[in-house]
Structures are given as structure tokens and as C-alpha cells.
Amino acid sequence: MKRLFSLYLASGLLLAGLITTPAVGDTASHENFVLIGNGTEPKGLDPSLVTGVPESHILDNMFEGLTNRDPITLQPVPGVAESWSISEDNKTYTFHLRKNARWSDGVALTAEDFKWSFLRALSFQLASPYAYQLYPIKNAEAFNTQKIKDPTQVGIKVLDAHTLQLELERPTPYFLYITSFHTLYPTPRHVIEKHPDQEWTRAEYMVSNGAFKLAEWNLNQHIKIITNPMYWDHARIKIAGAYFYPIENADTEIRNFEAGSLHMTERVPSMKIPLFKREIAKSPNSYHPFKITPYLGTYFFRFNTKKPPLNDVRVRRALMLTVDRKMIVEHITLGGQIPSRAFTPPNTAGYTYPPTLPETVTEAEIKEARTLLAQAGFPEGKGFPKLDLLYNNGDDHKKICVSVQQMWRKNLGVEVGLLNQEWKVFLNSVHMGEYALARAGWIGDYPDPNTFLDMWVQNGGNNETFWSDPEYDRLIDLAAAALDPQARYGHFREAEKILLDKLPILPIYTYTKVGMISPKLKMLDEQGKKMEWTSNITQQIFLKYYTLVK
Amino acid sequence: MLLYICKRILGMIPVLWVIVTLTFFLIRLAPGGPFDQEKHIPPEILQNLEAKYHMNEPLYMQYAHYLGMLAHGDLGPSFRYENRTVNEIIFETFPVSAKVGGLGLLYALVIGVLAGLFAASRPNTVRDYIPMFFSLIGICLPSFVIGPLLMLLFAVKLQWVSVSGWEKPTDIILPAITLGTMYAAFFARLTRGGILDIIRQDFIRTAHAKGVRGWVIMLRHTLKGGILPAVSFLGPAAAAMLTGSLVVETIFNIPGLGRFFVQSALNRDYTLVMGCVLFVAVLIVVMNLLVDIAYAFLDPRVSYE
């Protein structure tokens, strides 16, 4: 009995010890901090290396590139460079850096830092998956892929401590947007050399040059950033900082928002959307936190154009004509998505391809599609081989694919199978070309039609449809070389016409972003006047302009 | 006893080696790799990445390399979490899971054993039916139902605790209850069954015949033997609870180890998958050993001498 008692006692003490330890170290007040639901845990915080959206939400507020962006229009505004000049041929950019530019530890930030950072991002050793963001710079691609080994041949020149000159391969109209992209943020050489690999991105060492700096990084718990007094525009900042919470469960996130422990959410469970829409309809004049905002991306299907009968453009066109895009956005996705009438989202940097694809399926479309299918040798869908439509887990993909399967069955008599794969297996299948039809999404890297169109050139890394057209490639090359913006968009229009005639893809809708924004969250305009929270097309978060009201 | 423990610990090594080997090759059999992403990576960059993680070497070399690291207690760098090693991730997140699991286990044991005792003291009466009815519900209701229900009631409606997260000391309560409820139900049923078995034994009848009072028999004689089934279950239950549950940790957004089990496999984070599997394997083996040792104390029929 005594032994038994001591066993009870010991285990009791053990468990008591476990629970009386305070759960977390940090119970600091969240006063004046913006609380953000940020999807998944970031992979890392090295701006030269990361590729994901959650990472960029954080890094865009911790670092600043040569240029920055207007929080709403995304037009280039001065960043670390207070001014710049562009040569006549649009190939040489000279940036004049602020004399008072500093890292968050007070060390001066100079043109050398930028040169070192860009070469690091391009280096073989770092193996950055986003190194191609620097490819507009002369010889950057050759250096990155080891075709040249001498870094002095890369078009980056330090004229003096505060002047940086970048020479480009060819004119790049969106280059000043790229210079504010996270791959081109400066990274602190003096810290990285002391704490190599990724050690420098830990909260105890990390140094940055933006409006905020890293304070805490607790894995899967939160990332806390606080204002950086060394930042040149520090006086403008109205908040104390922000917490980014990696919340993967949409229901957990919305409950947190409703309980007031988040100011912004990453998403909204689709079950809730109809309810919110009804609430908005009932009282349209009062504030509702549910927001639908435009997003620079297209949801589409890829055709494997090597696989018969999908190698026949008539078959692809018949399939395209009989997908009711309007029905998909109105009854499945629900988030105000726009049915795709072309591939490039409307009004991408002022470029809109005239509406070409049908929004909905009428008798005319069905008739044309059936004729095309008959011409291709499948009257009323007879003899059409069983192909699979491949999709990955998550979101509404399954619902969309099932409804498209129905549409083709009903309108064409074509029976398509559905094939579901886990994300990495799915990616592998698409990369290896082991699919017939596959769902896809493309989010633009920068607001310019080029990011939607240059991917379809022959052997383009993201093409993956095995489709190519020499005339298409020629037009994309012409656009790249064009100096006149109107002529450039003209070439894009001609190229997109070919894309929509040949249809290696089946565009479905233009993405939107749905999220919740607390009424306490406001923005400040240039003059420091309060205004309603406003989104931008890349869904970038500009905490510098945010403020919280009671 | 000491000899027995030593033998068991030595016996762990081949078991763990088999687990490591199977996991190592199985995870690499799955299509897709740690560097697959939606946007294309130029082949040159992919080669650099693979070289960085020794993935360009033949598989047997990678395996030898991994075993070599393991021998030094190094689980390697994570593929997904760029600035952390697997050792760090486990040491950072296991204490969180262990706290939730520890409290959950305590709750499950106290509620479960008490309910089992209560039910067994008057078998097949209302006093038995009511706790057993609730334990059946506890077993049937999955944590993804209990969790959100508790959250709605205590966090959204009553606002006694936070909805989710790991910021305040009270954040441990709801996840621990969610996690512990199913185990409490199991413990209740196992305790009841164990005690009903013992009650029918001769030595209990003898004690009654000698005129020992009911509750003394219950505490001194019945409980000691009757709790054995629950103790055997305690080993795997403790291992499972202390290492965290994916569902509970996702619902309550807790930075524990449980989320990494599935997440690391989905990310093809090879080293982290290996680390998690190995860590849990060690924990299960150790817990089972502890249970066997506890048996020696509780059951006079068991001896390892």
C-alpha cells in the first residue's frame, strides 16, 4: 500500500508540474497592435528566398526595396531610393539612395548592400526559387544558372555609397514594381556573415530596414513585429506593430474574428458567405466587415495538348464553350469571382482583352460545340475516350470539377472522369505531364499582362500544356522589346487572341479575395487623414498606412 | 528489475532501426518532393537545392548519411522551416503538446477512474447506467465536434476563455478537455470492467466474510487489481496525448507537435517526418516500459526478477 501510494504521489506531482508551468511567456498587451490571420506558418523570413504569400505579408512590412508602392494603386513611390532616373533606351536605371537610410540596428544602408543582396539572391549557393525575379537585370540569368561565373558582369554597379545603377537586358516597363518585390529587398550583410545560412532570420539576430522589425517568432503560434525607429518614415507610423497568426482552420479564424481577437482574416468559410451577403443586403449603409476585393489571378484548367483527342483544337473549343462560368461563380465559389472572358484578368495595369469567351452556355454555344465535336469525329460524344479531370484537395476544386463534369455530360454527351490527388502528388503529375485535364490557378507576379502571357511560350517553365505556337512566341518577344506602351499592349492583344483561339487552357474565373476587416482598422492617406480600409489588387498589406480606432 | 529494464532498453534499438528504415524509404516513395511548388523552378536552381540537402546523392548514400547524423543525435535541418532544425522544432513544440496532453490525461484519469468506480460500485443499476451512457457518448463524439462546441459555449457565448491560440495560461483548458474527453470515457469503461472482474474473486469474498467495510475493500483490494486494464491503456494513451493531436491543435491553433505529424508528410519535409515518427516511437516504447514497471508494483502476480 505504501508503494502504491508513493506511485500515485509521484505521478500526481509530475502532472501537477506539467500544468502549473505558465502556458506561454508572452501575455503582453496587444494594445495598438494589428492582429492578422495569416494562413500558414511561414517557411522562412529570408526575403531573397521565400516565395509564399504569408511570408510576403510579413516581409513587405519589415523591409523596403529601392522603390515602394502606393498602398492602393501599387504605383512605384520612393523607397530606400528617394529618386531615380531612367536612360533614353529604358535600359539603365540610376537610383539615388537616402543618405539617412539605416538598418534597424543603426548600421548605414548603402548601395553596396543592395549589390551584395542582389548577387546573393542570384547566387548558386542560395538556390533561391524566386531568383528569376532579378532576371530583367543584365546577365542575371546567366549568373544564376552558372553560365557566367564572374559577378562583375552582372549589370549592377555601385557609383558611390548612395548611388546604384542597374543595367537591364531589355526595357522592362514593370521594373520599378520588381524593385519593390521582396526578392529584391536588401539583406544585411553584416548580420548574415556573422549568422550564416538561415540563422540570421531568428528573432534574436534579425535586422531589417523597413517600417517594422521582428520582435518574436514562435513557431505555429505568432510572429510579432514592432516599429523600427531607424526607419526614415518612422514619424508616419501610427500603430505599435502587428501579430501574424498562422491559423489554418477557416472556422477557427472566423470565430477569433467574431470574438474580437483578429482585425483581418485570411479567408472566410464559404458556408458563411451567403449569410454575410444577406446581412449586407439588409442594411447596405452600415459597416459590414465582410469584404470581397479583386485579386490578380485566374482560375483555369490546363489541357494536355499531346493527349488525343485534346490535341484537336475543335475538341478543346467544344469543351470550353460548354462550361457555364457564371453558374460556377454564382453557385459554387460565391465570393464575387468574375467569369473569365479572356485569360488575363480585366484591367491588368490598364490592359483588358475584349470579352471573348462566353459567360454562360446558351443554345448557340451548345450547337457550335456539338458541331465541332462531330467534326472532330465524336458526334454526340460517341466514341469520346474517357479522360480524367485532375484536381487537388482543398477549397472548392472538387465542387467545380463535379459541376463541369455535369455540364459536359449534359451539353455534349461527353463523360469525363474525376481524379483527386493530394497537393504534392498533383504537382508532380502536372509537372511530368501525366494528366489529361488539370485544374490550375495563376496569381500574377506583378500587375502587368506579361506575367499572364509570357508563361505560354514554347518550353515556358509554367506552360505544362505542351502547346506552343511560333507566332505567339514572336509576339511575346516583340512586346518585350517594345518601347511604346500602346504598341506593347497591341502585341499582347494579338498574342492573347492566338491563346484564346488555340485554347491550350480553359479559363474559368478571375480570383477575388474574401476576408473580414474589423471596423477598428482604418488607413491613412498621404496627408495622414483617416479613411476606410482599401485593398489593392495583389492583396499586399501595407501596415505603414494602417491605424486603429476605438 | 534493473536487468529487465536494461534488456528492454537494448531491445528498443532494433525496433527503432526498423521504424527509421521503413519511414526513410516509404516517405521517399510518395510522389512529389519537398521542392515541388506550383510555380516552376528552373532546373539549374532545383539542382542547387537538391545538392544543398544531399538529395542529388544515391539513396543508399542519403540513408547512410541520415543514420550517421542520427548516431550523433542530430535529426537534420527541416526542409520546410528554413531556419530551424528538426531537433529545435521538436524541443520547441513538444512541451506545448505535453502540457495540453498532461492536463488532458490528468482530467481523463480523474474523471474516468472515478466514473468507473462509481459505476462498478452498483453494477446494472441507474448508478451504473448514467456514467456508462455518458462514456459511450464521449467515445462516439469526435474531438472535431466537442472542440468547436466547447469553443462556442465557453469562448464565444460566455467569453470565459479565448477562442483559440496560445497566448494566455487559460488557453490550455478547452483543448485539454477536448483531448481528454474520449480518453476519460475509455478509462471509465476499462476501470468499471476491471473492477467488476475483481469483485467476483475469492479474496474479495473472503474480505467481505471477515467483515471488512465496503469502501475499505474497494480502496485497498478491488481498486489495486481492478485498475490494471486502465494502467495498460495508460501507456499508449499517454504517448498519444503527450505528443499532441492534429485535430485538437488545429481547431485551437496550438503551436504543438501534433500539427507536424500530418503537415510534415504533406510538405514532404522528409527530415521532419522522420523526426516526428522517431520521437513518437521512442515515447511509445518508453511509456510501455513504464507501464510494465508499474505492473510489478500493482499486481503481485507479476515479477521481473
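Each remark here, short or long, concerns the structure printed above.
Computed from a prediction, not measured in an experiment: that's the story for all the values here.

Each value, and the rule that gives it
Per-chain numbering applies: the sequence of each chain, read as written, is numbered from 1 onward. The lettering of chains begins at A and the numbering of ligands begins at 1, in the order of writing. Local features are withheld for residues below a pLDDT of 70 in this predicted model, meaning they are given only at 70 or higher, and side-chain atom pairs are given and counted only at 80 or more; totals for whole chains, interfaces and linings count all residues. Remark: hydrogens and water are excluded; side-chain values derive from all non-hydrogen atoms of the structure. For helices, the fitted line uses only the C-alpha atoms of the stretch in contact; every axis is such a line through C-alpha atoms, and the angle between N-to-C directions lies from 0 to 180 degrees. Helix and strand assignments come from DSSP, with helices taken as H or I runs of at least 4 residues and strands as E runs of at least 2, each series counted from the N terminus. Note on convention: near helix rotated counterclockwise from far helix by under a right angle means a left-handed crossing. Clockwise means right-handed. Residues are sorted three ways: Asp, Glu, Lys and Arg are charged, Ala, Val, Leu, Ile, Met, Phe, Trp, Tyr, Cys and Pro are nonpolar, and all the rest, Gly among them, are polar. We count a salt bridge whenever a side-chain nitrogen from Lys or Arg sits within 4 Å of a carboxyl oxygen from Asp or Glu. Type-normalised accessible area, obtained with a 1.4 Å probe on protein chains alone, sets the label of each residue: buried when under 20%, exposed when over 50%, and partly exposed for intermediate values. Here, two residues are considered to be in contact whenever any of their heavy atoms come within 4.5 Å of each other. The term buried area refers to how much accessible surface (probe radius 1.4 Å) is lost by two components on association, counted for both of them together. For this analysis, a polar contact is any N or O atom pair within 3.5 Å, provided that within protein one partner can donate a hydrogen and the other can accept it, and provided that sequence-adjacent residues contribute only side-chain to side-chain pairs. Definitions used throughout: a 1 Å grid over protein atoms alone; a cavity as a set of points that fits a 1.4 Å probe which cannot get out; a pocket as an open set with protein on both sides within 12 Å along at least five of seven lines; a lining residue as one with an atom within 4 Å of a point. Grid points are joined across faces, edges and corners, and a volume is the space filled by probe spheres set on the points. Only Phe, Tyr and Trp rings are paired, with Trp represented by its six-membered ring, and only when their centres lie within 6.5 Å; those with planes under 30 degrees apart are stacked, over 60 edge-to-face, the remainder tilted.

> Help me understand the packing of helix α4 (residues 86–121) of chain B against helix α7 (residues 173–199) of chain B in this model?
Angle between the axes and distance between the axes are the two parameters that describe a pair of packed helices. All names here are of chain B. Across the interface, α4 lies against α7 with an axial gap of 6 Å and an inter-helix angle of 35°. Like other packed secondary-structure pairs, α4 and α7 cross with a definite hand, here right-handed. Split by residue class, the contact of α4 with α7 holds 23 nonpolar, 7 polar and 1 charged.

> Please explain the pattern of salt bridges as it appears in this structure.
Oppositely charged side chains are able to pair whenever their charged atoms sit close together. Evaluated as defined, the whole model comprises 28 salt bridges over all chains. Across the pair A:K382 and A:E380 runs a salt bridge, and its minimum N-O distance is 3.7 Å. Of the charged contacts in the structure, one is a salt bridge between B:D292 and B:R8, with a shortest N-O distance of 2.5 Å. In this pair, B:D292 is assigned in helix α13 (residues 270–298) and B:R8 in helix α1 (residues 2–29), connecting sequence segments 284 residues apart. By relative accessible area, B:D292 is classed as partly exposed at 22%. Taken together, the salt bridges that share partners define one network made up of A:D233, A:R236, A:E526 and A:K544.

> Can you help me understand the interface of chain B and chain A in this one?
Interfaces are often sized by the amount of accessible area the parts lose when they come together. Facing 57 residues of chain B, the contacting portion of chain A comprises 66 residues. A buried area of about 5700 Å², summed over both sides, lies between chain B and chain A, and 57% of it is on carbon and sulfur atoms. When the buried area of chain B at its contact with chain A is split by residue, B:K39, B:E82 and B:E167 rank highest and sum to 13% of it. Applying the counting criterion to the chain B and chain A interface returns 3 salt bridges. A salt bridge links A:R202 to B:E88; the nearest nitrogen and oxygen atoms lie 2.6 Å apart. Where chain B packs against chain A, one counts 24 residue pairs in polar contact (both at pLDDT 80 or more). When residues in the side of chain B that touches chain A are grouped by element, the largest group, 9 residues, is from α4(B). Each residue belonging to the side of chain B that touches chain A can be placed in one class, and the counts come to 28 nonpolar, 13 polar and 16 charged.

> How should empty space enclosed by the protein be read in this particular structure?
The rolling of a water-molecule-sized probe over the atoms marks out the regions of remaining empty space. Under the definition given, this model contains 8 cavities of 30 Å³ or more. The volume enclosed by the largest cavity comes to roughly 170 Å³. Along the walls of the largest cavity sit 22 residues, with A:M264, A:T265, A:K513, A:W533 and A:Q539 positioned nearest its centre. Among the elements of the structure, β1 (33–37), β11 (290–303) and β16 (505–516) of chain A are those that each provide at least two residues to the lining of the largest cavity. The element contributing the most residues to the lining of the largest cavity is β16(A), with 4 residues. Here the second largest cavity defines a volume of roughly 110 Å³. Looking at the second largest cavity, the residues that line it are A:R302, A:F426, A:L427, A:V430, A:H431, A:R439, A:A440, A:G441, A:W442, A:N462, A:E464 and B:E38. Of all elements in the fold, only α13 (423–431) and β15 (437–443) of chain A reach the threshold of two or more residues within the lining of the second largest cavity. Its residues assigned to classes, the lining of the second largest cavity shows 5 nonpolar, 3 polar and 4 charged.

> When you look at the packing of aromatic side chains in this model, what are you seeing that I'm missing?
In total, this model carries 41 aromatic pairs over all chains according to the counting rule given. Plain terms: the ring middles of A:Y509 and A:Y511 are 5.7 Å apart, the flat faces sit at 75° to each other, and that makes the pair edge-to-face. Across this residue pair, the class does not change: A:Y509 and A:Y511 are buried. Note on B:Y53 and B:F79: the rings are 4.5 Å apart at their centroids and 20° apart in plane angle, and the pair reads as stacked. Remark: B:F79 occurs in the loop between α3 (59–71) and α4 and B:Y53 occurs in the loop between α2 (43–52) and α3; sequence separation between them is 26 residues. Both residues of the pair, B:Y53 and B:F79, count as buried.

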